[in-house]
Amino acid sequence: MAGAARRGGPGPRPRLLLWLVLLGAAAASLVGAQVTSETKEVPENKPADIPCSAYRSSWSNPRIEWKFQKGSSLVLFYYGGELTEPYKNRVQFSPTTIHFNMVTREDTGKYICEVVGDGSHIAKSEVNLIVQVPPSKPVAHVPTSATIGSKAVLRCTETDGSPPPTFRWYKDSMLMPANPKTSLTFRNSSYTLDPVTGELIFEPLSGFDTGDYYCEAMNNVGSPQKSDVIHMEASEVNVGGIVAAVVVLLMVLALVAFGIWFAYSRGFFSSDTAGKKVIYSQPSHRSEGEFKQTSSFLV
């Protein structure tokens with residue numbers, strides 16, 4: 001009988017494990033069904049529709065809320081059945097969509113739609129809105145001179161483009177590859193180029209790296225923009241100039257020391273008169289016609 005009972009079906013522990021697996025799968029599918037996310041790109045100054053995929057028409061009297069997140073800031077967009085400021089005059093609301101009459105670069109961010117139905121059913125959808133803005137003219141930060149063998153850092157910056165632009169560098173009007181060893185023109189140079197940050201780092205700098213540099217910003221919106229051209233000169237350390245400057249400095253210090261010694265030896269810094277006193281003697285009783293000062297001298 002005991003053997004038959006064992007053969008009749010799984011014991012308590014296998015059955016518990018089976019239930020846990022089924023519950024985990026059900027929970028995972030529930031989460032996947034209740035939360036959706038998508039990305040939407042719209043050119044600046046154009047209309048845009050942001051859908052609320054969380055809305056369920058089968059739910060009776062659902063409560064809908066919209067939130068706008070940008071960085072660490074989170075604000076209510078639609079709450080209590082009405083749009084909040086400053087969206088009232090720019091947006092039209094419907095249960096399935098919010099419609100912008102015109103979007104600006106400040107509207108870039110995450111829009112969160114939360115729907116609460118009967119029985120505490122909750123669904124949420126997110127839309128990452130990217131308002132497309134072409135890049136402006138970038139600024140190239142290039143040292144005008146650098147020492148051969150040292151580290152030289154060139155930077156390219158641009159603040160208006162959305163999505164953020166990527167960067168390319170040019171030397172003497174020639175596009176610089178990401179890896180200089182792949183190019184016959186730049187194989188004698190040693191650098192790293194980051195197209196995301198716009199940094200071009202020479203380490204070590206060589207005489208070959210002397211030239212005219214500019215950078216370019218692009219994000220597939222509008223035309224690429226170029227910076228001004230800046231010349232960088234890679235030069236050797238001027239050892240002779242440093243030695244000459246040290247010699248001149250030592251000569252100046254020697255002359256100053258000699259001048260001080262000479263002044264002391266000649267008594268120009270003597271303080272002998274500092275302790276002298278002036279003594280006056282009282283005049284003797286004489287007539288007015290014979291009056292004169294008898295003595296007034298230094299001791």
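Residues numbered from 1 in each chain as written. Predicted model: local features only at pLDDT ≥ 70, side-chain atom pairs only at ≥ 80, totals over all residues. Heavy atoms only, no water.

Colleague: Looking at this structure, how should I read the packing of aromatic side chains?
Modeller: Aromatic ring pairs are reported here in terms of the distance separating the ring centres and the angle at which the planes meet. Tallied over the full model, the rule gives nine aromatic pairs. Ring plane angle 75° and centroid distance 5.8 Å describe the contact between Phe100 and Tyr111, whose orientation is recorded as edge-to-face. Of this pair, Phe100 sits in strand 7 (residues 97-100) while Tyr111 sits in strand 8 (residues 109-116), placing them 11 residues apart in sequence. On the basis of relative accessibility, which here comes to 0%, the residue Tyr111 falls in the buried class. A ring pair is formed by Tyr170 and Tyr214, whose centres lie 4.8 Å apart and whose planes are at 5°; its orientation type is stacked. Separated by 44 residues along the polypeptide, Tyr170 in strand 13 (residues 166-171) and Tyr214 in strand 17 (residues 211-218) bring together distant segments of the chain. The pair formed by Tyr170 and Tyr214 is uniform in burial state, with each residue classed as buried. In this structure an aromatic cluster arises from ring pairing among Phe68, Phe77, Tyr87, Phe100 and Tyr111. Arg56 extends its terminal NZ or CZ atom over the ring of Trp59, reaching a point 5.9 Å from the ring centre. Here Lys171 stacks its cationic end above the ring of Phe208, 3.8 Å away from the centre of that ring. (Phe/Tyr/Trp six-rings, centres within 6.5 Å; stacked < 30°, edge-to-face > 60°. Helix = DSSP H or I, 4+ residues; strand = E, 2+ residues; numbered from the N terminus. Buried < 20%, exposed > 50% of the residue type's maximum accessible area, 1.4 Å probe, protein only. Lys NZ or Arg CZ within 6 Å of the ring centre and 35° of its normal.)

Colleague: What is the right way to read the sheet that holds strand 9 (residues 122-132) from this model?
Modeller: Each strand in a sheet pairs with its neighbour through backbone hydrogen bonds, running either in the same direction (parallel) or in the opposite one (antiparallel). Across the sheet, six strands lie side by side as 1-9-8-3-4-5; this open sheet has mixed pairing. Two strands close off the open sheet at either side, each with one partner strand: strand 1 (35-43) and strand 5 (82-83). Sheet topology note: the strand 8/strand 9 ladder contains eight bridges and is antiparallel. Each residue of the ladder has a partner; that of Ile112, found in strand 9, is Glu126. (Pairing = 2+ DSSP bridges.)

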